[in-house]
Amino acid sequence: MPRDFAVFLAEMIRNPDEVRAIAPSSTAVARLMTEGVEHVYGPIVEIGAGTGAFTREILARGVDPERLTLLELNPRFCVELCEKFPGVRVVNRPAEDIRDIGLQQIGAVISGVPVLAKPALQRAVVGRAFDVMAQGAFFTQITYANSSPVSPEMQGELGLRAEKRGTVWANLPPARVFEYRRRAS
């Protein structure tokens, strides 16, 4: 973990527009973000994988590495992820490219990508993810805000419903986790 923090800090200083958190996510946040992936069928995608806090927890829940694809924009993080998680597919592309990586019927998307207050990014990331997700699949999103990072208007546009999974006060800063699913027809 100390190495993760050192790599994270170096990339945050070098690429402040790319790395927006002030520290890697805690184990408690990772547990809340990944809850339920062990019951999912089909591929699982993590977007904005960073140093792999969520990846580690996904694999700890018994998910076969071959079912997991990580989308990460930062090349240094991609190298680190490949070294730490053999068998996991690591793709150096932005989250918006999720439709272009050859996966369909995705069972879950775990997102560390900051989408708060950016409707165009919400549509590009969350909307495109649901284009390739299976019926009944879920999308979890971390935020440091008190409310859903995907606005109610955008949830309506995309046909989604949000549920707050919880708050992790012991994270730096305190983090909230929201789950999104398609609304019942």
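Predicted model only: the values in this text are computed from it and were never measured.

Calculation criteria
Residues numbered from 1 in each chain as written. Predicted model: local features only at pLDDT ≥ 70, side-chain atom pairs only at ≥ 80, totals over all residues. Heavy atoms only, no water. Axes fitted to C-alpha atoms, helices over the stretch in contact; angles between N-to-C directions. Helix = DSSP H or I, 4+ residues; strand = E, 2+ residues; numbered from the N terminus. Parallel < 35°, antiparallel > 145°, perpendicular 65-115°, else oblique. Left-handed = near helix turned anticlockwise from the far one by under 90°. Contact = heavy atoms within 4.5 Å. Pairing = 2+ DSSP bridges. Buried < 20%, exposed > 50% of the residue type's maximum accessible area, 1.4 Å probe, protein only. Right-handed = clockwise from strand over helix to strand, strands pointing away. pLDDT = per-residue confidence, 0-100.

Right, let's talk about the packing of helix 2 (residues 27-34) against helix 3 (residues 53-60) for a bit. Where helix 2 contacts helix 3, the two axes come as close as 9 Å, and the packing angle between them is 60°. In terms of orientation, helix 2 lies oblique with respect to helix 3. In the packing of helix 2 onto helix 3, the handedness of the crossing is right-handed. Counting all contacts with helix 2, which are made through T27, V29, A30, R31, M33 and T34, the residues of helix 3 involved are A53, F54, E57 and I58.

Strands belonging to one sheet form pairs held by backbone hydrogen bonds; the direction of such a pair is parallel or antiparallel. Judged by pairing direction, the sheet is mixed, and its seven strands sit side by side in the order 3-2-1-4-5-7-6 without closing on themselves. What marks the edges here is a single partner per strand, and that holds for strand 3 (89-91) and strand 6 (160-168). For this sheet, the mean inter-axis angle between neighbouring strands, taken without regard to orientation, is 20°. Two elements, strand 6 and strand 7 (residues 175-182), share eight bridges in a ladder whose sense is antiparallel.

In regular strands, side chains alternate between the two faces of the sheet. Across the two faces of strand 1 (residues 44-47) the burial is the same, with I44 and E46 and V45 and I47 all buried. Pairing geometry for strand 1 and strand 2 (residues 68-71), over four bridges, is parallel. Directly across from E46, in strand 2, lies its bridge partner L70. As a crossover connection, the stretch from strand 1 through helix 3 into strand 2 is right-handed. As judged from the four bridges shared by strand 1 and strand 4 (residues 106-111), these two strands associate in the parallel manner. Its bridge partner lying in strand 4, I44 is registered against A108.

Counting all residues, the mean pLDDT for the chain is 89, and 86% of those residues have values of 70 or more. Every residue in residues 5-13 is under pLDDT 50, and counting partners more than four places away or in other chains gives 21 contacts.

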